[in-house]
Amino acid sequence: MEYINIRSFDNYIPAHIASGRLEEEGINCWLKDENTVTIDPILTNAIGGIKLMVDARQAERAADILRKLESEHRKLTPCPRCHSQNIDYVSTPRKAGNWFSALWGFLTLSYAMPVEKVFHCFDCGHEYVAEENRDATNE
Ligand SMILES: [Zn+2]
């Protein structure tokens, strides 16, 4: 069976939400490099994040499911300033991007927070961090 990478994640929480949803829909999938990322988040960028691998024959359906999941997520996370849902999940350079913030995040376990991905509001330009942990605790 052939597997292809359809998404990469910086963080194991959204990766698990996505793979869990695909499994519910009967898609064969698994997370590649998950252990590396979880144990050593500082290496995450170096290896390209956690890769969501799906059965090549189901890739198109899997992409549709992920698009639906992401648009649902968008509705749950409207812009806190103007309540627009015209938003997107974007990568942003870590603000205090240096070894100290990486080390601090590691020591305080806050590396599990999605500090490098934010929602960007196209209506008012506001950027804000998603509350990924809320989803994880509901499982
Ligand atoms: Zn806004």
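Because the structure is a prediction, the values reported are computed rather than measured. (Residues numbered from 1 in each chain as written. Predicted model: local features only at pLDDT ≥ 70, side-chain atom pairs only at ≥ 80, totals over all residues. Heavy atoms only, no water.)

Caption draft 1: Looking closely at the pattern of salt bridges. Enumeration over the complete set of coordinates arrives at 5 salt bridges. Across the salt bridge formed by Arg-21 and Glu-72, the nearest N and O atoms sit 3.2 Å from each other. Taken together, the positions of Arg-21 in helix 1 (residues 12–24) and Glu-72 in helix 4 (residues 59–76) put the pair 51 residues apart, joining distant regions of the chain. On the basis of relative accessibility, which here comes to 23%, the residue Arg-21 falls in the partly exposed class. (Salt bridge = Lys/Arg side-chain N within 4 Å of Asp/Glu carboxyl O. Helix = DSSP H or I, 4+ residues; strand = E, 2+ residues; numbered from the N terminus. Buried < 20%, exposed > 50% of the residue type's maximum accessible area, 1.4 Å probe, protein only.)

Caption draft 2: Up close: the coordination of the zinc ion. For the zinc ion, the full set of protein donor atoms is Cys-79 (SG), Cys-82 (SG), Cys-121 (SG) and Cys-124 (SG), and the range of their distances to it is 2.3 Å. One way to put it: the 4 donor atoms around the zinc ion meet at angles of 105 to 115°, and that makes the site tetrahedral. The motif formed by the donor residues of the zinc ion, counted along the single chain, is C-x2-C-x38-C-x2-C. Linking Cys-79 in the loop between helix 4 and strand 4 (87–91) with Cys-121 in strand 5 (residues 117–121), this pair joins segments that are 42 residues apart in sequence. For the pair shown, Cys-79 and Cys-121 are each scored as buried. (Donors = N, O, S within 2.8 Å, 3.2 Å for Na, K, Ca; no water. Tetrahedral: all angles 85-135°; square planar, octahedral: opposite > 155°, others 65-115°.)

Caption draft 3: Geometry of helix 1. Between the first and last C-alpha of helix 1 there are 18 Å, a value that for 13 residues agrees with the 18 Å anticipated at 1.5 Å per step. When helix 1 is considered as a whole, its buried residues turn out to be Ile-13, Pro-14, Ala-15, Ile-17, Ala-18, Ser-19 and Leu-22. Gly-26 sits one or two residues past helix 1 and shows a positive phi near 80°. (Expected span 1.5 Å × (residues − 1).)

Caption draft 4: Main features of the packing of aromatic side chains. For the structure on display, the rule yields 2 aromatic pairs. With centroids separated by 6.1 Å and ring planes inclined at 80°, the aromatic side chains of Tyr-3 and Trp-30 adopt a geometry described as edge-to-face. Residue Tyr-3 is found in strand 1 (residues 3–9), and its partner Trp-30 is found in strand 2 (residues 29–32); the two are separated by 27 residues along the sequence. Judged by relative accessible area, which is 29%, Tyr-3 ranks as partly exposed. (Phe/Tyr/Trp six-rings, centres within 6.5 Å; stacked < 30°, edge-to-face > 60°.)

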